[in-house]
Amino acid sequence: MSPAPPGGQDGDDRLRELRELLAPTDDESRERVAKVLAPAVQSNFERGPDLHRTLKPVIRETLLTSIKHDPGLVVEAMLPAIGTLIRRYISQAIQELADSVNLAQEQAISLRSLEWRWEAWRTGKPFGEIVLAKSLLYKVEQVFLIHRETGLLLMHRTTAGVVVRDADMVSGMLTAIEDFVQDSFAGGDGHELDTIQVGDLRVWLRHGSHAVLAAVIHGVAPPQFGGVLERTLAGIEEQYRGHLSPYRGDPSVVSGAGPALDRCLLGQAAMQTRPARVRWRIWAAAAVATLTVLAAFRIHDYWKWRQLVGRLGSEPGYALTLVRRGWIHHSIEGLRDPLADPPAPAVESAGYRPDQVSLVWRPFVSLDPRIVARREWQPRKRLLEETAVLFETDSAVPDRATLDAAASRVRDILECGAQLGKQLRIHVSGGADGTGTEARNEVLARQRATAVAEALAGQGTLTPEMLVLGPRLAVGSRTVRFKVEERQ
Amino acid sequence: MIQRKVCLLGAYAAGKTSLIRRFVDSMFDDRYLTTVGVRVDKKVLSTPHGEMTLMIWDLAGEDDSTPVDLRRCRGSSGLVLVADGCRAHTLDTAVRLGSDASKVAGEVPRILMINKADLKDEWEVTAGRIDGLRRTGWTLYLTSAKSGENVEEAFASLAASMGPANV
Ligand SMILES: Nc1nc2c(ncn2[C@@H]2O[C@H](COP(=O)(O)OP(=O)(O)O)[C@@H](O)[C@H]2O)c(=O)[nH]1
Ligand SMILES: [Mg+2]
């Protein structure tokens, strides 16, 4: 903002005064200020640069703020002045953009680029090199010789097989478009248009003083082609100068120029013959690629399938009777013991979704030791826990028969537990009947339990750690009993 | 075959484009007119001097904001000036454009079409005005792009007057 007013009381007063002046509260004083403001500013300017210097930063700041706020406003104000410059710049930029975009686009997505990539892969040459070589392929399809002043067509030549709409009208429109571009973009300063992009065609233009030579080119012609056009045009102008200025509207006067124009119909034939062969290879490559993908897919599926069938086949409680692998859906049928593990985790871990494999099971009783163990576990446990080793009154010597029965049941439960991978502990608890003193009974109960535990310790896989003395049994039982504990 | 460039000039909405459409089968889209400001059409006519190809340039304009770009008349062998009979001032515009174009194209043959003859009831251009123009040497046609009245005749007469002698 403007230089700050001097500080202090004095400054504040002046500030208030100024505010009063600039933003008067009543209409009358507003009126007064309005009247004096313009002449005051005017005379101040005439006196010297003071006010100017004061206002300069204010205006600058305001301008900047306003630009920041609405850039469009300023652009609008400036456009007439810089318009020509911008237009010229844009026309050039558009031209360059069109060139590069067209080239890039062609390379990125066209079938031709696929061909190039294929060729690069086949020959081992870098892709860029191939592109460069191929980009130079071009074909001049048409040449127009146009009378410059009238836009009338003097002569038109094409390569064989090129379909042309009315060349007279193309010639006229080309001239009109050229005028338009020149006026609106080149600023009308005599700078002439050299190339026009029409779809994937490029029109190269060369201007003489009486005629224009326009070549319609497919692909990208080398820069030297410009020289060919220039020399041809110069020759024609030299030869027919008298007929072209003034031009009487009869194109037959330049009919002798035909061969010269035909010589401009250049190009590399490679463009037509090559792709047919290469395209065939592309299809072959695509087919091979497709087959490879399919085969890979199939092989991958085969491994998944083998994993699934192998796993279910070796899973206890399963007997597979039918396995069928289709392209998408697979099915497995068989027998399954209700105590077997569910099949879903096997399907999932093989990498299939549940809906990809249909499973049909009929129940059966499996004799697989692991399933048998599952089936037998509860009964055997119950059996052991119902077993009692008997004793004579006041004796800690176990009854032979009942001890043997207990030992055999312990072996059964151990075997079963081993099948199921369980960690077991067997609690051995002794008891005594109501006769005799309590102290004696206490001792007797422990002695009985210990005696049984010792007798069992040698049995099968039972180790001493797996036997623990349990709590004393309720009074009135001259026995030793067992409790099976499963440990995690 | 002889070829001639002809320019169509006149006030905005006088009916230039409609007259062309009546006269030839266009190859280019109307869009060219709005973007490029010119549309070129072609018509082959037979004249007393033999067949002649007219390349007809329809120039966009003229209203207050976009004047006709008369540089486009360069090399013209003939001019077609079009006015709207319903708007008298378009006749002044047509006459003025004709004399301005002479500076670029030279004193080439020209005809004046007063168009929308099918709306004669609403015409502002009077019979007296038309007679006056005829007396001062104008070749003048009352045309209608809508009915086609006098359109072929007008172009034919222009073509005839642009014979080999009048390049
Ligand atoms: N009734 C009538 N309407 C016409 C005639 N010629 C042109 N028009 C209408 O006038 C308007 C302007 O015509 P246009 O050809 O675009 O005028 P331009 O600006 O001179 O090219 C359009 O709505 C046409 O339909 C005509 O002969 N009769
Ligand atoms: Mg129009």
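Reading the values: rules and limits
- Residues numbered from 1 in each chain as written.
- Chains lettered and ligands numbered in written order.
- Predicted model: local features only at pLDDT ≥ 70, side-chain atom pairs only at ≥ 80, totals over all residues.
- Heavy atoms only, no water.
- Helix = DSSP H or I, 4+ residues; strand = E, 2+ residues; numbered from the N terminus.
- Buried < 20%, exposed > 50% of the residue type's maximum accessible area, 1.4 Å probe, protein only.
- Right-handed = clockwise from strand over helix to strand, strands pointing away.
- Near = heavy atom within 4 Å.
- Polar contact = N/O pair within 3.5 Å; in protein donor to acceptor, adjacent residues only side chain to side chain.
- Areas by Shrake-Rupley, 256 points an atom, 1.4 Å probe, with all protein chains shown as cover.
- Nonpolar A, V, L, I, M, F, W, Y, C, P; charged D, E, K, R; others polar.
- Axes fitted to C-alpha atoms, helices over the stretch in contact; angles between N-to-C directions.
- Left-handed = near helix turned anticlockwise from the far one by under 90°.
- Contact = heavy atoms within 4.5 Å.
- Expected span 1.5 Å × (residues − 1).
- Core = buried A, V, L, I, M, F, W, Y, C linked by side-chain atoms within 4.5 Å.
- Patch = residues over 30% accessible without salt bridge, like charges linked within 9 Å, V, L, I, M, F, W, Y side chains within 5 Å.
- Salt bridge = Lys/Arg side-chain N within 4 Å of Asp/Glu carboxyl O.
- Lys, Arg positive; Asp, Glu negative; His and termini not counted.
- Charge placed at Lys NZ, Arg CZ, Asp CG, Glu CD.

1. Observations concerning the overall build of chain B
Consideration 1: For chain B, the count of helices and strands is five helices and six strands.
Consideration 2: For chain B, the α and β elements follow one another from N to C terminus as β-α-α-β-β-β-α-β-α-β-α.
Consideration 3: Out of the 167 residues belonging to chain B, those deemed buried represent 54%.

2. Points about the pairing of strand 4 (residues 78-84) of chain B
Sheet faces and side chains relate simply in a regular strand, where the side chains alternate between the two faces.
Residues and elements named next belong to chain B.
Consideration 1: Counting buried positions along strand 4 gives seven out of seven residues, so the element sits mostly inside the fold.
Consideration 2: The alternating pattern of strand 4 places Gly78, Val80, Val82 and Asp84 on one face and Leu79, Leu81 and Ala83 on the opposite face, and all of these are buried.
Consideration 3: Regarding the hand of the β-α-β motif, the stretch spanning strand 4, helix 3 (residues 89-105) and strand 5 (residues 110-115) is right-handed.

3. Considering the site of ligand 1
All names here are of chain B.
Consideration 1: Lining the immediate surroundings of ligand 1 are 15 residues, of which Ala13, Lys16, Thr17, Ser18 and Ala145 lie closest.
Consideration 2: Between ligand 1 and Thr17, the relevant distance is 2.7 Å, taken from an oxygen atom to a side-chain nitrogen or oxygen of the residue.
Consideration 3: The contact in question runs from an oxygen atom of ligand 1 to an N or O atom on the side chain of Ser144, over 3.5 Å.
Consideration 4: In the complex, 69% of the free accessible area of ligand 1, which totals 570 Å², lies under the protein chains.
Consideration 5: If one sorts the elements of the shell around ligand 1 by residue count, helix 1 (residues 16-23) sits on top with three residues.
Consideration 6: In the shell around ligand 1, the residues fall into six nonpolar, five polar and four charged.

4. Regarding the packing of helix 12 (residues 369-386) of chain A against helix 13 (residues 400-420) of chain A
Relative orientation and spacing of two packed helices are given, respectively, by the angle between their axes and the distance between those axes.
All names here are of chain A.
Consideration 1: The interhelical angle for the contact between helix 12 and helix 13, taken along N-to-C directions, is 145°, at an axis separation of 8 Å. When the axes of helix 12 and helix 13 are compared, the crossing they make is left-handed. Contact with helix 12, carried on its side by Pro369, Arg370, Ala373, Arg374, Glu376, Trp377, Arg380, Lys381, Leu383 and Leu384, involves Ala406, Arg409, Val410, Asp412, Ile413, Glu415, Cys416, Gly417, Gln419 and Leu420 of helix 13 and no other residues of that element.
Consideration 2: For the contact of helix 12 with helix 13, the class distribution of residues is ten nonpolar, two polar and eight charged.

5. Considerations on helix 3 of chain B
Because an α-helix packs 3.6 residues into every turn, residues spaced three or four apart end up facing the same way.
Residue and element names in this part refer to chain B.
Consideration 1: Helix length check: helix 3 (17 residues) gives 24 Å between terminal C-alpha atoms against 24 Å at 1.5 Å per residue, within 8%.
Consideration 2: Listed as buried for helix 3 are Thr90, Leu91, Thr93, Ala94, Leu97, Gly98, Ala101, Ser102 and Ala105.
Consideration 3: Looking at the buried side of helix 3, the elements it contacts are strand 1 (2-10), strand 4, strand 5 and helix 4 (127-135).
Consideration 4: Directly beyond the C-terminal end of helix 3, a positive phi value near 90° is found at Gly106.

6. Side note on the nonpolar core
Consideration 1: With 58 residues, the main nonpolar core has A:Leu145 and B:Leu9 as its most contacted residues.
Consideration 2: Of all the elements, helix 8 (residues 224-244) of chain A adds the most residues to this core, at six residues.
Consideration 3: B:Leu9 has contacts with B:Lys16, B:Leu59, B:Val68, B:Leu70, B:Cys73, B:Leu79, B:Val80, B:Leu81, B:Val82, B:Leu97 and B:Ala101, leaving out every residue within four places of it along the chain.
Consideration 4: Within the second largest apolar cluster, 24 residues are counted, among which are A:Ile426, A:Val452, A:Val480 and A:Phe482.

7. Structural notes on a nonpolar patch on the surface
Consideration 1: Together, A:Leu291, A:Leu294, A:Phe297, A:Trp327 and A:Ile328 make up a nonpolar patch on the protein surface, roughly 570 Å² of accessible area in all.
Consideration 2: Among the secondary structure elements, A:Leu294 is positioned in helix 10 (residues 270-314).

8. Details of a negative patch on the surface
Consideration 1: Together, B:Asp118, B:Asp121, B:Glu122, B:Glu149, B:Glu152 and B:Glu153 give the surface a local cluster of negative charge.
Consideration 2: For B:Asp118, the position within the fold is in the loop between strand 5 and helix 4.

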